[in-house]
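Residue-level listing of the chains:
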Amino acid sequence: DIQMTQSPSSLSASVGDRVTITCRASQGISNYLAWFQQKPGKAPKSLIYAASSLQSGVPSKFSGSGSGTDFTLTISSLQPEDFATYYCQEYSTYPYTFGQGTKLEIK
Amino acid sequence: EVQLVESGGDLVQPGGSLRLSCAASGFTFSSYSLNWVRQAPGKGLEWVSYISSRGSTTYYADSVKGRFTISRDNAKNSLYLQMNSLRAEDTAVYYCARDLPLVYWGQGTLVAVSS
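An account of the accompanying structure is given in this report. Because the structure is predicted, anything quoted here is derived from the model rather than measured. (Residues numbered from 1 in each chain as written. Chains lettered and ligands numbered in written order. Predicted model: local features only at pLDDT ≥ 70, side-chain atom pairs only at ≥ 80, totals over all residues. Heavy atoms only, no water.)

### What about the sheet that holds strand 4 (residues 34-39) of chain B?
Residues and elements named next belong to chain B.
Here comes step 1: Pairing is mixed across the open sheet formed by six strands, whose spatial order is 2-10-9-4-5-6. Every other strand in the sheet has two partners, leaving strand 2 (11-12) and strand 6 (58-60) as the edge strands with one partner each.
Here comes step 2: Taken together, the six bridges between strand 4 and strand 9 (residues 92-98) define a ladder with antiparallel strand orientation. Paired with Asn35 across the two strands is Ala97, which belongs to strand 9. (Pairing = 2+ DSSP bridges. Helix = DSSP H or I, 4+ residues; strand = E, 2+ residues; numbered from the N terminus.)

Structure (structure tokens):
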């Protein structure tokens, strides 16, 4: 099975900051990588698919990059509504593993 | 508008069974694969199962293999998850989600396994 290692597990930042979250796959997954945002009590929301393609309706402050084993999610100009938990997921090969999540908190 | 609505979550005793349903609307149901994803209280997301558009291919996480069965009824636009031999560690909110990558998600249904 492919393991997805997400870092950091938590992150404190201020409104207006730019942050980067990293996701590393245990083997190459090409660009079959998605990023999700989840707020408490809500279903996850798709942000990025195919490593760098922005989901329709998602603001361009969110961007993804990477291919193979190393991927990043960057969020620029943080706003209060961006403080949430973020997950990566590989969809190259089942069992379609998620990263363990990154909780983004207000500093 | 794509909608996925889960139902069937409940409190069940260890060793018991439960069947979850996911009613879909707003898209051509028979054209898309579907998944179940779960989230234990305070924990991360865990992919559980996948079924192809026609139901001919299914995959399961090792943690549920042999106990859970995914199925679909394309005539009823519905997805199911039959859960048998439930364990305390199966306690979670269960989401259905369309296709891969997972773009559309339901709101989830809570399954609690406890005596």
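Moving on, there is more to tell.
### Re the interface of chain B and chain A
Here comes step 1: At the junction of the two partners, chain B supplies 20 residues and chain A supplies 17 residues.
Here comes step 2: Both sides together, the interface formed by chain B and chain A hides about 1500 Å², and carbon and sulfur atoms give 70% of it.
Here comes step 3: Taken together, chain B and chain A are joined by zero salt bridges.
Here comes step 4: Between chain B and chain A we count three residue pairs in polar contact (both at pLDDT 80 or more) in total.
Here comes step 5: Contributing elements (two or more residues each) for the side of chain B that touches chain A: strand 4, strand 5 (45-51) and strand 6 of chain B.
Here comes step 6: The dominant element in the side of chain B that touches chain A, judged by the number of residues it contributes, is strand 5 of chain B, at four residues.
Here comes step 7: Taken together, the residues that form the side of chain B that touches chain A break down as 12 nonpolar, four polar and four charged. (Contact = heavy atoms within 4.5 Å. Buried area = accessible area lost by both parts, 1.4 Å probe. Salt bridge = Lys/Arg side-chain N within 4 Å of Asp/Glu carboxyl O. Polar contact = N/O pair within 3.5 Å; in protein donor to acceptor, adjacent residues only side chain to side chain. Nonpolar A, V, L, I, M, F, W, Y, C, P; charged D, E, K, R; others polar.)

### Observations regarding the side chain of B:Ser78
All names here are of chain B.
Here comes step 1: For Ser78, the location among the structural elements is in strand 8 (residues 78-83).
Here comes step 2: Engagement of the side chain of Ser78 in a polar contact is seen with the backbone oxygen of Lys76, the distance being 3.0 Å.
Here comes step 3: Those residues in contact with Ser78, other than ones at most four positions away along the chain, are Cys22, Ala23, Phe29, Arg72 and Asp73.

### Brief notes about the pairing of strand 3 (residues 19-25) of chain A
Residue and element names in this part refer to chain A.
Here comes step 1: The alternating pattern of strand 3 places Val19, Ile21, Cys23 and Ala25 on a buried face, while none of Thr20, Thr22 and Arg24, on the opposite face, is buried.
Here comes step 2: Relative to strand 3, strand 1 (residues 4-7) runs antiparallel, the two sharing four bridges. Opposite Ser7, over in strand 3, you have Thr22 as the bridge partner.
Here comes step 3: Note that strand 3 and strand 8 (residues 70-75) share six bridges and pair antiparallel. Within strand 8, the position partnered with Ile21 by the bridge is Leu73. (Buried < 20%, exposed > 50% of the residue type's maximum accessible area, 1.4 Å probe, protein only.)

### Things to note about the state of the cysteines
Here comes step 1: Summed over all chains, the structure comprises two disulfides over all chains.
Here comes step 2: Here A:Cys23 engages in a disulfide with A:Cys88; their sulfurs sit 2.0 Å apart. The sign of the S-S torsion, about 60 degrees, decides the handedness of the disulfide formed by A:Cys23 and A:Cys88: right-handed. Of this pair, A:Cys23 sits in strand 3 while A:Cys88 sits in strand 9 (residues 85-90), and the two are 65 residues apart along the sequence.
Here comes step 3: Residue classification places A:Cys88 among the buried residues on the basis of a relative accessible area of 0%.
Here comes step 4: Note on cysteine connectivity: B:Cys22 is disulfide-linked to B:Cys96, with sulfurs 2.0 Å apart. (Disulfide = S-S within 2.5 Å.)

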